[in-house]
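Per-entry structural report
So the chains spell out like this:
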Amino acid sequence: MTTDQKQLIKATVPVLKQSGLLLTTHFYQRVFSINPELKHTFNMGNQQNGRQPAALAMAVLAYAENIEDPSVLLSTLNRIGHKHTSLAVRPEHYDLIGRHLIASIGEVLGDAATPALLDAWTAAYGQLASLMIGIEAGLYAAQVTKPGGWTGWRPFVVRARIEESSEVTALHLYPVDEGLVADHQPGQYLSIRLFLPQLNLLQPRQYSITNEPNGLFYCISVKHETGETTSTNKLISNHLHAVVQEGDRLEVSVPVGVCPVAVNVPKSVPSTQRSGCPMHQVA
Ligand code: HEM
């Protein structure tokens with residue numbers, strides 16, 4: 001990026017502070033109206049409750065603020081990369097998303113979006129996309145070289161359903177191919193993906209892994225959600241809780257997640273006594 005382009009990006013910081021959420025909300029509406037197939041990749045509940053547009057707005061703002069030295073954002077980008085690899089985001093997605101982002105900047109800013117500003121954001125996005133693609137390539141490579149590792153979605157079968165309480169059901173998930181499963185670290189989570197007939201969509205959701213690594217299966221604990229159940233997050237948990245039975249299949253992605261709480265816990269402390277990861281509570 002040129003010095004002038006970096007200046008232009010820094011000059012948009014006040015606009016992003018004021019209207020970042022407007023921009024990302026417009027961006028996602030644009031993405032899903034032009035590329036509705038991406039509704040199967042995103043958790044539409046996090047669109048409905050505004051969490052994902054807010055997360056993206058914060059990430060874009062942080063990037064603009066640190067355009068002189070984006071390396072300070074590496075731990076954040078690494079965390080996002082874990083989430084992306086858990087949802088099978090691939091390099092080719094970045095071009096598509098970039099086109100929607102630049103078009104959204106033009107549509108939201110109107111006359112203020114000069115050709116020079118759009119060029120600067122195109123260059124800035126390209127730089128960020130390269131960083132993220134690189135991080136994610138490293139994560140995918142590590143995932144696939146682990147014993148029992150894989151990338152993307154792998155079919156699993158529910159072999160056991162254990163009612164832990166009237167509200168919580170534990171599911172034991174085994175790979176359909178009967179191969180090994182990669183060991184997970186304390187605090188890591190996996191994504192599951194299943195078809196929700198109410199939405200006519202495949203939908204992903206993250207769950208903490210609640211068993212010790214054993215090479216054979218993962219256990220997740222699913223809470224029955226009461227009250228208003230139109231939110232996608234609740235629909236997924238309730239579908240797992242009430243509909244999915246032993247023998248049913250769902251798709252699972254490899255365990256990921258960097259848990260700052262668990263990182264420095266001595267190995268001598270049994271995992272049952274370690275703090276849970278606050279980022280991804282059992283849902
Ligand atoms: C430079 C470009 C990108 C940035 C800055 C970005 C940023 C983010 C952030 C901040 C999150 C939230 C992370 C979390 O919950 O911990 C996220 C999640 C996600 N991102 Fe990206 N992302 C980018 C590109 C992409 C691309 C190319 C795709 C592919 C379609 C994608 C798909 C997703 C999905 C599916 C989620 C999960 C959202 C959900 O829960 O529904 N992202 N991203």
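From a predicted model like this one, the values you see are computed outputs, not experimental measurements.

Criteria and cut-off values
- Residues numbered from 1 in each chain as written.
- Predicted model: local features only at pLDDT ≥ 70, side-chain atom pairs only at ≥ 80, totals over all residues.
- Heavy atoms only, no water.
- Salt bridge = Lys/Arg side-chain N within 4 Å of Asp/Glu carboxyl O.
- Helix = DSSP H or I, 4+ residues; strand = E, 2+ residues; numbered from the N terminus.
- Pairing = 2+ DSSP bridges.
- Axes fitted to C-alpha atoms, helices over the stretch in contact; angles between N-to-C directions.
- Contact = heavy atoms within 4.5 Å.

So, the pattern of salt bridges
- Using the criterion set out here, one finds 6 salt bridges in the structure.
- Arginine 30 is paired through a salt bridge with glutamate 107; the nearest N and O atoms lie 3.0 Å apart. Here the residue arginine 30 occupies a position in helix 2 (residues 13-34), and glutamate 107 occupies one in helix 6 (residues 91-109), the gap between them amounting to 77 residues.
- In this structure, arginine 161 and glutamate 163 form a salt bridge, with 3.3 Å as the shortest nitrogen-oxygen distance.

Points about the sheet that holds strand 5 (residues 218-223)
- If you walk across this open sheet you meet the 6 strands as 4-3-6-1-2-5, and the pairing is antiparallel. Each edge of the open sheet is held by one strand with a lone partner, namely strand 4 (201-208) and strand 5. Between one strand axis and the next, the sheet turns by 40° as a mean value, whatever way the strands run.
- Pairing of strand 1 (residues 154-163) with strand 6 (residues 249-252), which is carried by 4 bridges, proceeds in the antiparallel orientation. Among the inter-strand pairings, valine 157 is bridged to a residue of strand 6, identified as arginine 249.
- Against the sheet, helix 5 (residues 74-86) engages strand 3 (189-196) and strand 4, with an angle of about 40° to strand 3.

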